[in-house]
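Report on the structure
Now for the letters of each chain:
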Amino acid sequence: MLRLSLAMAITAATSMAADPPGSITFHRDVLPILAKDCQGCHRPGQIAPMPFLTYETTRPWAQQIKVVVSSKKMPPAVSNPHFPVLTGRDGLTQAEIDILVKWVDSGAPEGTPPADERGSKKK
Ligand code: HEC
């Protein structure tokens, strides 16, 4: 029991060292928002020209992402049969927009990928 909580404490300390508290990182903060509101279109084979599935493909677009979410150009405010992915959605909340903007303003850091993705830098 003691051994287990010690191991957990060490794990927590290690991940905190990589992602300082208060920082906004791609894997922890940004990716869940992209998954919910952007990846329906921003994935291979969908209508958006560039995929936002990984840090590598999203990072070059960081400045543009800031522009389009602050101006509410993205996600497109549509709800029709051609965009079933968005039907019934209200787009981003102000809190989510703030997270994306702060992420870009702080240099769009990657942060620590989840353990199962570490070491497997795929396409
Ligand atoms: C309904 C589909 C759809 C969703 C959802 C969507 N996008 Fe897009 N996005 C597009 C399409 C199509 C384009 C390319 C055409 C254009 O630039 O208008 C695009 C272009 C962009 C661009 C490039 C704009 C430019 O000026 O070059 C950015 C950045 C972007 N999207 C970010 C996002 C983000 C961030 C989200 C989620 C918050 C998102 N998009 C959600 C369809 C979508």
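Structural data are supplied above this passage.
The structure presented is a predicted model; accordingly, all values stated were derived computationally and were not measured.

Thresholds applied
- Residues numbered from 1 in each chain as written.
- Predicted model: local features only at pLDDT ≥ 70, side-chain atom pairs only at ≥ 80, totals over all residues.
- Core = buried A, V, L, I, M, F, W, Y, C linked by C-beta atoms within 7 Å.
- Buried ≥ 20, exposed ≤ 12 C-beta atoms within 10 Å, placed from the backbone.
- Helix = DSSP H or I, 4+ residues; strand = E, 2+ residues; numbered from the N terminus.
- Near = placed C-beta within 6 Å.
- Nonpolar A, V, L, I, M, F, W, Y, C, P; charged D, E, K, R; others polar.
- Axes fitted to C-alpha atoms, helices over the stretch in contact; angles between N-to-C directions.
- Parallel < 35°, antiparallel > 145°, perpendicular 65-115°, else oblique.
- Left-handed = near helix turned anticlockwise from the far one by under 90°.
- Contact = placed C-beta atoms within 7 Å.

Turning to the nonpolar core, a few remarks are in order. Generally speaking, soluble globular proteins have nonpolar side chains that are buried together. Ile24, Phe26, Val30, Leu31, Ile33, Ile65, Val69, Met74, Leu100, Trp103, Val104 and Ala108 together form the largest nonpolar core, which totals 12 residues. Of all the secondary structure elements, the ones that give two or more residues to this core are helix H2 (26-37), helix H4 (62-70) and helix H5 (94-105). For this core, the leading source of residues is H2, giving four residues.

Attention shifts here to the site of the ligand. Surveying the vicinity of the ligand reveals 19 residues, the closest of which are Cys38, Cys41, Ala48, Met74 and Pro75. Considering each element in turn, the shell around the ligand owes the most residues, four residues, to H4. Taken together, the residues that form the shell around the ligand break down as 15 nonpolar, three polar and one charged.

With their axes 10 Å apart at the nearest point, H2 and H5 run at an angle of 130 degrees to one another. Taken together, the axes of H2 and H5 lie oblique to each other. At the point where H2 passes H5, the crossing takes the left-handed sense. Of the residues in H5, those touching H2 at Asp29, Val30 and Ile33 are Glu96, Ile99, Leu100 and Trp103. When the residues that make up the contact of H2 with H5 are grouped by side-chain class, the tally is five nonpolar, no polar and two charged.

So yeah, pure geometry; function would need other evidence.
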